[in-house]
Amino acid sequence: MKKIKPKILRPGSRIAAISLSWGGPGTILYRYEIGKRQFEEEFGVTVIETAHALRDADWLAKNPEARADDLMAAFADETIDGIISTIGGEDSIRTLPYLDLDLIRKNPKVFMGFSDTTISHAACFKAGIVSFYGPSFMAGFAENGGMYPYMTDSVRRTLFAAEPIGVIEPNRAGWTVEHLPWENPENQSIRRKLNPCTGWRFHQNEGIVEGQLFGGCVEVLDWLRGTDHFSAAGDLRGTVLFLETSEEGAPPSILSRFVRCIAAMGILEGLNGILLGRPGGGVDPHTFGEYDDALCKAVREEHGLNDMPIVTNMDFGHTDPMFVIPIGTKVRIDSAKREIAIDEAAVTKN
């Protein structure tokens, strides 16, 4: 089903910062404030906080309804043009009973975040609107020593331009997962060490497929199984599923097990392709191939889907910098050209 696209962001837009899971800003306020400032200066927007965005982590953990109320208020507020998560966490799923999908559907606007924000993206997908899997204020926009151009270029092309996004290029400048503890403000000025980029891996040599994007952090998607927010098999037929693993460094087996589950649910065989982000956490880069092998074996050897395009080691998720994925738009995978493109705009001018 075609999704409703939100309005374009422009210089002067008002963006709501929201804490849907962990109370990161209330725990490490300076980190949030740096992300807010760097985002405002780069894009010429104004960031305001939702009512409970800066509350302490313990209070937010005890009040999932208040977190959901913040999200509903931000969607309903006509003076707010976009909503971006401050940070992820692990319990956004507790907000689901308090969400009003009709309100979201009637008030489409840019909504962005990643990791545990997968939960809220699933709600937006069910409500029928395009949302954006991308950086948050504390992870991405608050990057040590300034934001990465690869990420800011993607944000600008995806959220601030009502034109086809076009070909998405791999990041050539290097990637990082180096952990410099946020609790120490002195670390903020230290640039994280970059690993050389090896490009994306296309596990098929020919063919062109298209499909609507859906997905997120695989651990969080797995929590949704059995709920009415995990789309039924028919809803995902013809989609391209994107997956990535969290900073906890999940083993390759999480991919094979997830594939087996969605196969049993009747979802796998209806997919048009799978995109996999570079493994997150402290995973040894020399073992990245094991994640590829686990995914490809489960899809092809175990379930016989030899023609399904699979692209791995991509620049989204829990490594930096990342590109923005507009969930609900159509992606094109050209395996022969080693090319991935979104041949439509993700936002509208009106």
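Look a little higher up for the structure.
Right, let's walk through the structure included here.

Reading the values: rules and limits
Residues numbered from 1 in each chain as written. Predicted model: local features only at pLDDT ≥ 70, side-chain atom pairs only at ≥ 80, totals over all residues. Heavy atoms only, no water. Helix = DSSP H or I, 4+ residues; strand = E, 2+ residues; numbered from the N terminus. Rg over C-alpha atoms; globule rule 2.2 N^0.38 Å. Buried < 20%, exposed > 50% of the residue type's maximum accessible area, 1.4 Å probe, protein only. Contact = heavy atoms within 4.5 Å. Areas by Shrake-Rupley, 256 points an atom, 1.4 Å probe, with all protein chains shown as cover. Lys, Arg positive; Asp, Glu negative; His and termini not counted. Charge placed at Lys NZ, Arg CZ, Asp CG, Glu CD. 1 Å grid on protein atoms, 1.4 Å probe; cavity = no way out; pocket = protein on both sides within 12 Å on 5 of 7 lines; lining within 4 Å. Points joined across faces, edges and corners; volume = space filled by probe spheres on them. Nonpolar A, V, L, I, M, F, W, Y, C, P; charged D, E, K, R; others polar. Core = buried A, V, L, I, M, F, W, Y, C linked by side-chain atoms within 4.5 Å. Pairing = 2+ DSSP bridges.

As for the overall build of the protein
Right, so step 1: Assigned secondary structure in the protein consists of eleven helices and 14 strands.
Right, so step 2: Its C-alpha atoms give the protein a radius of gyration of 19 Å, near enough to 20 Å, the size a compact globule of 350 residues would have.
Right, so step 3: Principal axes of the C-alpha set define a box for the protein whose edges measure 50 × 45 × 40 Å.
Right, so step 4: Scored against the burial criterion, the 350 residues of the protein give a buried share of 59%.
Right, so step 5: Residue pairs in contact within the protein that sit at least 24 positions apart in sequence constitute 80% of those at least 6 positions apart.
Right, so step 6: A total of about 13900 Å² of accessible surface is found on the protein, and carbon and sulfur atoms cover 49% of it.
Right, so step 7: Put simply, the protein has 36 plus and 48 minus side-chain charges, and the middle of one group is 4 Å from the middle of the other.

A word on empty space enclosed by the protein
Right, so step 1: What the rule picks out here adds up to one cavity of 30 Å³ or more.
Right, so step 2: When its volume is computed, the largest cavity comes out at roughly 50 Å³.
Right, so step 3: If you trace the largest cavity, you find it lined by Ile168, Leu213, Leu275, Phe323, Val324, Ile325, Pro326, Val331, Ile340 and Ile342.
Right, so step 4: At the level of elements, strand 12 (325-327) and strand 14 (339-342) are the ones that each hand at least two residues to the lining of the largest cavity.
Right, so step 5: Across the lining of the largest cavity, the residue classes tally to ten nonpolar, no polar and no charged.

Comments concerning the nonpolar core
Burial of nonpolar side chains together is a common tendency in soluble globular proteins.
Right, so step 1: Phe141 and Leu275 are the most contacted members of the largest nonpolar core, which has 102 residues in total.
Right, so step 2: Apart from residues no more than four positions distant in its own chain, phenylalanine 141 is found in contact with Ile34, Gly35, Gln38, Phe39, Phe43, Ile84, Met112, Pro135, Ser136, Met147, Met151 and Val155.

Structural notes on the layout of surface pockets
Empty space among the atoms becomes apparent when a probe as large as a water molecule is rolled across them.
Right, so step 1: Taken as a whole, the largest pocket encloses approximately 880 Å³ of empty space.
Right, so step 2: What lines the largest pocket is a set of 35 residues, among which Ile87, Ala139, Trp182, Glu247 and His318 lie closest to the centre.
Right, so step 3: The element best represented in the lining of the largest pocket is helix 8 (residues 218-224), accounting for three residues.
Right, so step 4: Tallied by class, residues from the lining of the largest pocket come to twelve nonpolar, 13 polar and ten charged.
Right, so step 5: What the second largest pocket holds in volume is close to 290 Å³.
Right, so step 6: If you go around the second largest pocket, you meet 17 residues; those closest to its centre are Met1, Lys3, Phe125, Lys126 and Asp235.

A word on the pairing of strand 13 (residues 330-334)
Right, so step 1: Among the five residues of strand 13, four are classified as buried, and the element is accordingly described as predominantly covered.
Right, so step 2: Here strand 8 (residues 208-217) pairs with strand 13 via five bridges, running antiparallel. Within strand 13, the position partnered with valine 209 by the bridge is isoleucine 333.
Right, so step 3: Judged from the three bridges that link them, strand 13 and strand 14 form a sheet pairing that is antiparallel. What sits directly across from isoleucine 333, in strand 14, is isoleucine 340.
Right, so step 4: Connecting the antiparallel pair strand 13 and strand 14 is a turn made up of four residues, with arginine 338 showing a positive phi of about 55°.

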